[in-house]
Amino acid sequence: LPAKARQPATPAFRQAVTAYYRQAYAPLGGAVEVEFTAGAIRVTWRAAAAEQDPMAGIVGLLQAGRQAEAKPILETLLTLQPDNLDVLYNLGMVYSDEGRLDEARQLLRHATQVAPRHANARVALGIAAVRAHDLAEAETALRQAVDLEPDNPFAQRSLGTLHLMQGQAPAAVAPLRQAVRLAPQDPLALLSLAQALLATASAAHGAEADDLLQQVLNLAPYGELAEKARDARRRLAQQGFRAKGGDKPRMDAVMYCLDGLKKFTGLSPAELGPILMELATLGQQGLPVNDPTRTYPLRSLAGEYTALHLVCLLHVGIKQFDPSQGAGFDIDREYEAALALYRDA
């Protein structure tokens, strides 16, 4: 309340309280009456239609990301209906997102008691428990959710992610595969499955993981998930690149770097800049550096180039601007070998 309206029983207090509740309940429509009697405040909401369900308006607020507006209404309903599953579930998730984890878990545990077969309540409880670092309760809740609804992609994804957090990548693969099967357009499930496959330390999963990561980038090309997918693809490409050459410099990359030195040395920043921008843009999309059969044209340079050739050109070009930087791909030894050849020529 405003500072001048905090003294109970004053006109300013009544006016401010009335305005607060009318604003809080405005998203539900209908009418709000606020009465002040005998030291108590009575708030009455009447739907515009007799059959109107207040939860419909609350869910609309939550789906729109307006938790701050939904919370006071849910808290009021909880006082009136302490066993209402929808109120317990939705307010529990709001508290969980706010970091009020003890209160969230208490509400969500009650929700699972009110509706023992409500799988999503157990998923929400599992996530709140993870946030509270109680992995034992989290695993119990998520396993129960999967047992109740094996075709619930959210439950399968959450259980698989928990196994990943516990360092149990092989155990994570099955639920995450199920999550991807059920929700093939879910970029988080795709990324989590790729991470689980890569963490199993099996080279046989590399191609599948790379395909999953590319799907993540197609569905969500920007943001945190995209950055994680790009980083994972770079690491995967680096592993494949080094596996073919061992500890010695890769001569194909050396020659590509040498080509870059011949092309870029002596160019002005104005001439080199557009080339690097085009190379960097291609690199952001993810380049299959271990595939020598696929080539790419460039607007700024004549010819067709393999992905590894493009990465080497980008590396050399960045070095022209700042010798301490590179393309983010471990080809420094190839670049140094190419530089020695270029100087000796």
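Not measured: the values here are computed from a predicted model. (Residues numbered from 1 in each chain as written. Predicted model: local features only at pLDDT ≥ 70, side-chain atom pairs only at ≥ 80, totals over all residues. Heavy atoms only, no water.)

Peer 1: Tell me about the overall build of the chain, and name the residues and values.
Peer 2: Along its length, the chain carries 16 helices and four strands. In terms of overall dimensions, the chain is more spread out than a globule: its C-alpha atoms have a radius of gyration of 29 Å, far above the 20 Å expected for 345 residues. With respect to the principal axes defined by its C-alpha atoms, the chain has extents near 95 × 50 × 35 Å. Split into buried and exposed, the 345 residues of the chain put 41% on the buried side. The contacts of the chain with a sequence gap of at least 6 include a subset with a gap of at least 24, amounting to 48%. If the 34 positive side-chain charges of the chain are averaged to one point and the 38 negative ones to another, these points end up 2 Å apart. (Helix = DSSP H or I, 4+ residues; strand = E, 2+ residues; numbered from the N terminus. Rg over C-alpha atoms; globule rule 2.2 N^0.38 Å. Buried < 20%, exposed > 50% of the residue type's maximum accessible area, 1.4 Å probe, protein only. Contact = heavy atoms within 4.5 Å. Lys, Arg positive; Asp, Glu negative; His and termini not counted. Charge placed at Lys NZ, Arg CZ, Asp CG, Glu CD.)

Peer 1: So what about the pairing of strand β1 (residues 31–37)? Which residues, and what values?
Peer 2: Where β1 and strand β2 (residues 40–46) come together, seven bridges link them in antiparallel fashion. Looking at β2, one finds that Val32 is bridged to Trp45. Linking two consecutive strands that pair antiparallel, namely β1 and β2, is a turn of two residues; a positive phi of about 50° is found at Ala38 within it. (Pairing = 2+ DSSP bridges.)

Peer 1: Run through the nonpolar core, naming residues and quoting values.
Peer 2: Ranked by internal contacts, the top residues of the largest apolar core, which has 32 residues, are Phe264, Leu279 and Leu310. Elements that contribute at least two residues to this core include exactly α12 (224–245), α13 (251–264), α14 (269–284), α15 (307–321) and α16 (332–344). Here this core gets eight residues from one element, more than from any other, and that element is α15. In contact with Leu310, other than residues within four places in its own chain, are Leu279, Leu282, Leu287, Tyr296, Leu298 and Tyr305. In terms of nonpolar packing, the next biggest core, distinct from the first, is built from 30 residues, Tyr25, Ile73, Val87 and Val94 among them. (Core = buried A, V, L, I, M, F, W, Y, C linked by side-chain atoms within 4.5 Å.)

Peer 1: Give me the pattern of salt bridges: which residues, what numbers.
Peer 2: According to the stated counting rule, one finds 20 salt bridges in the structure shown. Note that Lys71 is salt-bridged to Glu98, the shortest N-O span being 2.9 Å. With Lys71 in helix α3 (residues 67–80) and Glu98 in helix α4 (residues 85–98), the pair connects residues that are 27 residues apart, well separated along the chain. A salt bridge links Glu137 to Arg105, with the nearest nitrogen and oxygen atoms 2.6 Å apart. Of this pair, Glu137 sits in helix α7 (residues 135–148) while Arg105 sits in helix α5 (residues 101–114); the two residues are 32 residues apart in sequence, bridging distant segments of the chain. This pair shows no difference in class: Glu137 is buried, exactly as Arg105 is. Linked by salt bridges that have partners in common, Lys71, Glu98, Arg100 and Glu103 make up one network. (Salt bridge = Lys/Arg side-chain N within 4 Å of Asp/Glu carboxyl O.)

Peer 1: Let's hear about the layout of surface pockets: which residues, and what values?
Peer 2: Counted as a void, the largest pocket has a volume near 610 Å³. Mapped onto the lining of the largest pocket, the elements with two or more residues apiece are α11 (206–219), α12, α14 and α15. Tallying contributions element by element places α12 first for the lining of the largest pocket, with eight residues. Of the residues contributing to the lining of the largest pocket, the split by class is twelve nonpolar, seven polar and six charged. If you add up the space inside the second largest pocket, you get close to 400 Å³. Surrounding the second largest pocket, 20 residues form its lining, Ile127, Arg131, Phe154, Arg157 and Ser158 being those nearest its centre. Where the lining of the second largest pocket is concerned, the elements lending two or more residues are α4, α6 (119–131) and α8 (153–165). Element by element, the count of residues in the lining of the second largest pocket is highest for α8, at six residues. (1 Å grid on protein atoms, 1.4 Å probe; cavity = no way out; pocket = protein on both sides within 12 Å on 5 of 7 lines; lining within 4 Å. Points joined across faces, edges and corners; volume = space filled by probe spheres on them. Nonpolar A, V, L, I, M, F, W, Y, C, P; charged D, E, K, R; others polar.)

Peer 1: Please provide a residue-by-residue account of the packing of aromatic side chains, values included.
Peer 2: Across all of its chains, the model carries two aromatic pairs by this definition. A ring pair is formed by Phe13 and Phe36, whose centres lie 6.3 Å apart and whose planes are at 65°; its orientation type is edge-to-face. Taken as a pair, Phe13 in helix α1 (residues 11–25) and Phe36 in strand β1 lie far apart in primary sequence, 23 residues in all. When its relative accessible area of 13% is taken as the criterion, Phe13 is described as buried. Overall, the relative accessible area of 24% leaves Phe36 in the partly exposed class. Here the aromatic rings of Tyr20 and Tyr21 are separated by 5.1 Å at their centres, their planes lie at 80°, and the arrangement is edge-to-face. Looking at Tyr20, the relative accessible area reads 43%, which means it is partly exposed. (Phe/Tyr/Trp six-rings, centres within 6.5 Å; stacked < 30°, edge-to-face > 60°.)

Peer 1: Explain a nonpolar patch on the surface residue by residue, including any values.
Peer 2: Side chains of Met251, Met255 and Leu341 sit close together on the surface and give an oily, nonpolar patch of about 290 Å² of accessible area. Mapped onto the elements of the fold, Met255 is located in helix α13. For Met255, a relative accessible area of 43% corresponds to the partly exposed category. (Patch = residues over 30% accessible without salt bridge, like charges linked within 9 Å, V, L, I, M, F, W, Y side chains within 5 Å. Areas by Shrake-Rupley, 256 points an atom, 1.4 Å probe, with all protein chains shown as cover.)

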